[in-house]
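Below, each chain spelled out in residue letters.
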Amino acid sequence: RFNNSRLPSGSHLLPMGAFVGKNLKTSVVYEKMESLPVPADFFFGWAKHDVTHQKIEAMKEFHMVKLAWCGTYCTNLLAAIDAFFAEVLEDLAMCGSLETPMPHPPHMS
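Since we're looking at a predicted model, the values are computed, not measured. (Residues numbered from 1 in each chain as written. Predicted model: local features only at pLDDT ≥ 70, side-chain atom pairs only at ≥ 80, totals over all residues. Heavy atoms only, no water.)

1. A short note on the pattern of salt bridges
- Within the structure shown, the criterion is met by one salt bridge.
- For Asp50, the salt bridge goes to Lys55, with nearest N and O atoms at 3.8 Å. (Salt bridge = Lys/Arg side-chain N within 4 Å of Asp/Glu carboxyl O.)

2. Looking at the state of the cysteines
- In the structure shown here, the tally under the stated rule is zero disulfides.
- Looking at the unpaired Cys70, the closest cysteine sulfur is the one in Cys74, lying at 6.4 Å.
- Accessibility expressed as a relative area gives 43% for Cys74, which makes it partly exposed. (Disulfide = S-S within 2.5 Å. Buried < 20%, exposed > 50% of the residue type's maximum accessible area, 1.4 Å probe, protein only.)

3. Observations concerning the confidence of the model for the protein
- In this model, the protein carries a mean pLDDT of 82, and residues with pLDDT of at least 70 account for 88%.
- Within the protein, no element has a lower average pLDDT than helix α1 (residues 28–31), which sits at 79, and none a higher one than helix α2 (residues 53–99), at 90. (pLDDT = per-residue confidence, 0-100. Helix = DSSP H or I, 4+ residues; strand = E, 2+ residues; numbered from the N terminus.)

Below is the structure:
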């Protein structure tokens, strides 16, 4: 019925799940652990042993490429929104020119 799981040595509790937003550096959270509503989700983190300096650099490079893509995407999106508002402004100016009040009443013929 219960899943017997073993945690690697050096694992630590993360502020997610049942402990979202909690400061896990104080002992108050751990003292109140018995009063948590069930089922409670616990998330643990641990360091991977096979991470090398080259892997970290590759991850940083990939992250920077994706950040650059996000920046380009957001810039293009904002430019498209700006162009849309410029077109709306032009349409409103054209529609408004026909509906503006006349400077004086029309001449009687």
